[in-house]
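The primary structure of each chain is shown beneath.
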Amino acid sequence: MVPQAVDLTVRTLGECRIESPLAPLLPEPESTEHYVDEDDRVLFDDTRSMVAARKTKLDALPGFEPGGPRRKIFFQPSKTRVGIVTCGGLCPGLNDVIRGLVLELTSHYGVTKIYGFRNGYQGFIAGYGHPPIDLDAEAVSGINEYGGTILGTSRGSQDPYEIVDCLEQMSINVLFVIGGDGSMRGALTIADVVKERGLKIAVIGVPKTIDNDIPYIEQSFGFQTAFSKATESLRSAHVEARAVPNGVGLVQVMGRHSGFIACYATLANNDADYVLIPEVPFQLDGENGFLAHLRRRVAERGHAVVVAAEGAGQEYLESDEPGQVDKSGNRNLKDIGLFLRKRIAEDFAAHGMESSLKYIDPSYAIRSVPANPYDSVYCIRLAHAAVHAAMAGRTAMVVGRWRGRFVHVPIALAISKRNQVDPTGDLWMSVLETTGQPRHFG
Ligand SMILES: Nc1ncnc2c1ncn2[C@@H]1O[C@H](COP(=O)(O)OP(=O)(O)OP(=O)(O)O)[C@@H](O)[C@H]1O
Ligand SMILES: O=P(O)(O)OC[C@H]1O[C@](O)(CO)[C@@H](O)[C@@H]1O
Ligand SMILES: [Mg+2]
């Protein structure tokens, strides 16, 4: 479903009447190629045909509210109390975002009460015994040098009413949730309970996921660091495969439902010959199946490198057992890497071919590292945008970038679908061009 203008409308807590401390820094109220004024909109569509298909007036074209400081804000900074929480799996840059939020709030808005809720949504529930910690410039000094999150994280559902009870008891006005799709679903339920109770608490998300599976934000922070780290495994697999007769390097990277890490790591160094992702089903057996292709390639070129995203080929691993899920209800995937390792070895043996397969699974090593400089820049800019949005009383939204501009995206839209590699899109085309693998196996 193509989003309409109404889907891009951001919720607000009320009129902005307070002069922002950042107002003097703001340029003239007009957009340029480097700046979008707060009253302007970033168009959703960016091709002539997409705009034409709307069959509507310019004013009615769907557009995102731009990110950035406002001239007038909603919250009085000296009275504003802020909470920050990180939830879900780790991702490079979590500490950068925490630091960016704290520094922007304290240095530019003069907010003095910031609490870090610990271990994800558990941090709001007294029974877990993880009291919040005070965050200030000193507490976040240098944390961006380290992977992980200084606040801790968790999976598993918590009652949104209890979470809002905690926010009310602590007189929190703004809550920043840094997390993936599940965390954003949680953030929306919190914002809804806040609304139901007639409270004025802004809930702002900063989406994180190494899988890059959140839609309408172009790219999530930490993704670039994660795939860059994964390229090291591809390079190792290539070196190992080339060094022995009929060498096969097999690398499994994270990516539950979206194969972006596998695609980008492949494009980064051109070492892979086959990329298997959840979005593109593949046939394993038969003359034109994956195994036969691989065998022919090794016979011709002496070696090959295969990259598989963890969610690829799950159809080969389904069993009659009831589906296992993690504490948050995410389906636990079966191990495609180990399955392929076995099947490739069996296939070579069955065809009387010697082979030497080296299997590498960099797994958590790609998401536990500190952010690279590009991601650090992205994190701090997302953090700034999140603070500006919150102080201006926006709620139930995430910050992101669309067509190169920082924007406000309603959470409802950000969780409305999953960002996935489009098998008919130009990214997958680039992968096919780089690897030389066929569009379909079988
Ligand atoms: N539908 C939902 N409603 C309310 N809370 C949710 C929902 N889905 C997930 N959550 C909560 O959000 C938190 C994080 O969710 P989850 O473990 O799925 O990770 P995530 O944020 O999706 O990150 P990632 O997928 O990148 O690891 C958990 O505490 C979970 O209970
Ligand atoms: O083992 P964990 O921490 O539950 O999470 C693993 C999952 O988290 C992700 O890294 C997303 O955050 C996926 O790529 C992976 O499948
Ligand atoms: Mg998730």
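None of the values given here were measured: they were computed from a predicted structure.

*Asks:* Would you take a moment to explain the site of ligand 1 for this structure?
*Replies:* Near ligand 1 you find 16 residues, and of these Arg155, Gly156, Asp181, Ser183 and Ser328 are the closest. Contact distances for ligand 1 include 3.1 Å between an oxygen atom and a backbone N or O atom of Ser157. Class assignment for the residues of the shell around ligand 1 results in 1 nonpolar, 10 polar and 5 charged. The two domains that each donate at least three residues to the shell around ligand 1 are domain 1 (65-221 + 370-414) and domain 2 (224-315 + 324-368 + 423-435).

*Asks:* In this structure, what is going on with the UniProt feature "binding site: Mg(2+)" (unreviewed entry) in the protein chain? I would like to understand it.
*Replies:* Summarizing the sequence annotation, UniProt attributes the feature "binding site: Mg(2+)" (unreviewed entry) to Asp181 in the numbering used throughout. By the element assignment, Asp181 lies in helix 4 (residues 181-196). Judged by its relative accessible area of 26%, Asp181 is partly exposed. Not counting chain neighbours up to four residues away, the residues in contact with Asp181 comprise Ile214, Ile415 and Arg418.

*Asks:* Looking at this structure, how should I read helix 8 (residues 336-350)?
*Replies:* Residues that lie three or four places apart on an α-helix share one face, since the helix turns once every 3.6 residues. Look at helix 8: 21 Å from first C-alpha to last across 15 residues, which is about the 21 Å you get at 1.5 Å a residue. Taken residue by residue, helix 8 has Ile336, Gly337, Phe339, Leu340, Ile344, Asp347 and Phe348 as its buried positions. Along the long axis of helix 8, the arc covered by the buried residues comes to 150°, so they all point the same way. Every exposed residue of helix 8 that faces more than 90 degrees away from the buried side is listed here: Lys342, Ala349 and Ala350. Among the structural elements, strand 11 (247-253), strand 12 (274-276), helix 7 (290-301), strand 13 (303-309) and strand 14 (356-360) are those in contact with the buried residues of helix 8. Its side-chain oxygen at 3.1 Å from the backbone nitrogen of Gly337, Asp335 defines the N-terminal cap of helix 8. Following helix 8 by one or two positions, Gly352 has its phi on the positive side, about 65°.

*Asks:* Teacher, can you tell me more about the sheet that holds strand 11 here?
*Replies:* By way of backbone hydrogen bonds, the strands of a sheet pair with one another, either parallel or antiparallel. Across the sheet, 4 strands lie side by side as 12-13-11-14; this open sheet has parallel pairing. Of all strands in the sheet, those with a lone pairing partner are strand 12 and strand 14, marking the two edges. Taken pair by pair, the neighbouring strands of this sheet meet at an average axis angle of 15°, ignoring direction. The pairing of strand 12 with strand 13 spans 3 bridges and is parallel. Opposite Tyr274, over in strand 13, you have Val306 as the bridge partner. Sheet strands touched by helix 8: strand 11, strand 12, strand 13 and strand 14. Its angle to strand 11, the strand with the most contacts, is close to 165°.

*Asks:* Can you help me understand the site of ligand 2 in this one?
*Replies:* Every residue lining ligand 2 is accounted for by Arg155, Lys208, Ile210, Asp211, Met254, Gly255, Arg256, Glu310, Tyr364 and Arg367. Side-chain polar atom of Asp211 to an oxygen atom of ligand 2: 2.7 Å apart, as the coordinates give it. When residues are assigned to domains, the shell around ligand 2 turns out to be shared by domain 1 (65-221 + 370-414) and domain 2 (224-315 + 324-368 + 423-435), each giving three or more.

*Asks:* Which parts of the structure should I look at to understand the nonpolar core?
*Replies:* Generally speaking, a soluble globular protein has its nonpolar side chains buried in company with each other. Core analysis: the biggest nonpolar cluster contains 71 residues, and Ile84, Phe176 and Phe221 have the highest contact counts within it. Ranked by the residues each element gives to this core, the list is headed by helix 9 (residues 373-391), at 10 residues. Built from parts of two domains, this core gets at least three residues from each of domain 1 (65-221 + 370-414) and domain 2 (224-315 + 324-368 + 423-435). Excluding its chain neighbours within four sequence positions, the residues that come into contact with Phe176 are Val82, Gly83, Ile84, Val85, Leu101, Leu105, Ile204, Ala386, Val387 and Ala390.

*Asks:* Just to check I follow, could you spell out the confidence of the model for the protein chain for this structure?
*Replies:* Do not read the fine detail of predicted coordinates wherever pLDDT is low. For the protein chain, the mean per-residue pLDDT works out to 96, and 99% of the residues sit at or above 70. For this predicted complex, the interface confidence reaches an ipTM of 0.98, while the overall pTM sits at 0.97.

Analysis parameters
- Residues numbered from 1 in each chain as written.
- Chains lettered and ligands numbered in written order.
- Predicted model: local features only at pLDDT ≥ 70, side-chain atom pairs only at ≥ 80, totals over all residues.
- Heavy atoms only, no water.
- Near = heavy atom within 4 Å.
- Polar contact = N/O pair within 3.5 Å; in protein donor to acceptor, adjacent residues only side chain to side chain.
- Nonpolar A, V, L, I, M, F, W, Y, C, P; charged D, E, K, R; others polar.
- Domains from an automatic or database assignment.
- UniProt positions renumbered as here; feature names shortened; annotations may be inferred.
- Helix = DSSP H or I, 4+ residues; strand = E, 2+ residues; numbered from the N terminus.
- Buried < 20%, exposed > 50% of the residue type's maximum accessible area, 1.4 Å probe, protein only.
- Contact = heavy atoms within 4.5 Å.
- Expected span 1.5 Å × (residues − 1).
- Arc of directions from axis to C-beta.
- Pairing = 2+ DSSP bridges.
- Axes fitted to C-alpha atoms, helices over the stretch in contact; angles between N-to-C directions.
- Core = buried A, V, L, I, M, F, W, Y, C linked by side-chain atoms within 4.5 Å.
- pLDDT = per-residue confidence, 0-100.

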